[in-house]
Amino acid sequence: ALNRLQYALLGEAMRMVEDGILSPEDVDTCVTHGLSPRWSFMGPFQTIDLNAPNGVRDYCERYLPGMSEVLREQDNNRTFQASTIERIDTAMRAKYSTTAIPMKTAWRDERLMLLARHKMECESIDSKWNDAINQQTSSLINAQNIEKK
């Protein structure tokens with residue numbers, strides 16, 4: 001499942017580079033500063049649930065037509081050109097050489113461990129908010145049940 005989701009994002013990222021929409025650096029910036037901060041602690045469905053005043057249904061009513069149009073335009077069977085792969089590799093090599101990959105891998109692993117530690121430290125905050133949300137939800141359900149009687 002993880003690879004399928006990753007391949008979908010990676011395929012679209014490569015299409016955007018190949019089509020001249022974004023540079024490899026711009027794609028990485030978009031994901032690093034756009035998607036990953038929120039996706040580090042919630043998934044795509046909770047993200048859209050919180051991006052419309054009335055949740056997922058409201059989000060889909062507002063944005064699904066435009067989203068569907070973009071999805072129709074995407075060619076998920078595209079074979080990527082060698083020049084696209086070379087352009088992306090060149091962008092990465094401008095940041096660090098292939099001999100530095102083990103060091104960058106160690107940097108990544110340390111960052112992931114720090115993020116995991118941070119997420120564990122946030123469990124008390126999550127618990128506080130979840131308790132408050134559950135209490136509010138229970139109160140609303142009880143009020144609705146009283147109204148039905």
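Residues numbered from 1 in each chain as written. Predicted model: local features only at pLDDT ≥ 70, side-chain atom pairs only at ≥ 80, totals over all residues. Heavy atoms only, no water.

1. Examining the overall build of the chain
Here is step 1 of the chain: Tallying secondary structure elements over the chain gives seven helices and zero strands in all.
Here is step 2 of the chain: Ordering the α and β elements of the chain from the N terminus gives α-α-α-α-α-α-α.
Here is step 3 of the chain: Computed over the C-alpha atoms, the radius of gyration of the chain is 21 Å, more than 25% above the 15 Å expected from 2.2 N^0.38 for a compact globule of 149 residues.
Here is step 4 of the chain: Classification of the 149 residues of the chain by burial places 15% in the buried group.
Here is step 5 of the chain: In the chain, once contacts between residues fewer than 6 apart in sequence are set aside, the share between residues at least 24 apart is 57%. (Helix = DSSP H or I, 4+ residues; strand = E, 2+ residues; numbered from the N terminus. Rg over C-alpha atoms; globule rule 2.2 N^0.38 Å. Buried < 20%, exposed > 50% of the residue type's maximum accessible area, 1.4 Å probe, protein only. Contact = heavy atoms within 4.5 Å.)

2. A few points about the pattern of salt bridges
Here is step 1 of the chain: Tallying each qualifying case throughout the model produces five salt bridges.
Here is step 2 of the chain: Two residues, R93 and D89, come together in a salt bridge whose shortest N-O distance is 3.0 Å. Placement of the pair is R93 and D89 together in helix α5 (residues 82-95), with a separation of four residues, close to one helical turn.
Here is step 3 of the chain: Since its relative accessible area comes to 27%, R93 is described here as partly exposed.
Here is step 4 of the chain: Residues R108 and D109 are paired through a salt bridge, measuring 2.9 Å at the closest nitrogen-oxygen approach. (Salt bridge = Lys/Arg side-chain N within 4 Å of Asp/Glu carboxyl O.)

3. Notes on the confidence of the model for the chain
Here is step 1 of the chain: Summing up the model confidence of the chain, the mean pLDDT is 91 and the portion of residues at 70 or higher is 100%.
Here is step 2 of the chain: The secondary-structure element of the chain with the lowest mean pLDDT is helix α7 (residues 123-148), recorded at 88, while helix α1 (residues 2-18) shows the highest, at 95. (pLDDT = per-residue confidence, 0-100.)

4. Focus on the environment of E86
Here is step 1 of the chain: Position of E86 relative to the elements: it lies in helix α5.
Here is step 2 of the chain: With 40 residues separating them in the primary sequence, E86 and Q46 have C-alpha atoms 36 Å apart.

5. Topic: the packing of helix α2 (residues 24-39) against α5
Here is step 1 of the chain: In contact at an axis separation of 9 Å, α2 and α5 are set at 70° when each is read in the N-to-C sense. The pairing of α2 with α5 is recorded here as roughly perpendicular in orientation. Taken together, the residues of α5 that come into contact with α2 (itself represented by P24, E25 and D28) are R87, I88, A91, M92 and K95.
Here is step 2 of the chain: Here the residues of the contact of α2 with α5 sort into four nonpolar, no polar and four charged. (Axes fitted to C-alpha atoms, helices over the stretch in contact; angles between N-to-C directions. Parallel < 35°, antiparallel > 145°, perpendicular 65-115°, else oblique. Nonpolar A, V, L, I, M, F, W, Y, C, P; charged D, E, K, R; others polar.)

6. Observations concerning the packing of aromatic side chains
Here is step 1 of the chain: Following the criterion strictly, the structure yields one aromatic pair and no others.
Here is step 2 of the chain: Taking the centre distance of 4.8 Å and the plane angle of 50° together, the rings of Y59 and Y63 count as tilted. Of this pair, Y59 and Y63 both sit in helix α4 (residues 55-73), four residues apart, which is roughly one turn of the helix.
Here is step 3 of the chain: On the accessibility criterion, Y59 (17% relative accessible area) is buried.
Here is step 4 of the chain: Y63 sits in the partly exposed class, given a relative accessible area of 40%.
Here is step 5 of the chain: The ring of W107 has K104 lying over it, and the distance from NZ or CZ to the ring centre is 4.1 Å. (Phe/Tyr/Trp six-rings, centres within 6.5 Å; stacked < 30°, edge-to-face > 60°. Lys NZ or Arg CZ within 6 Å of the ring centre and 35° of its normal.)

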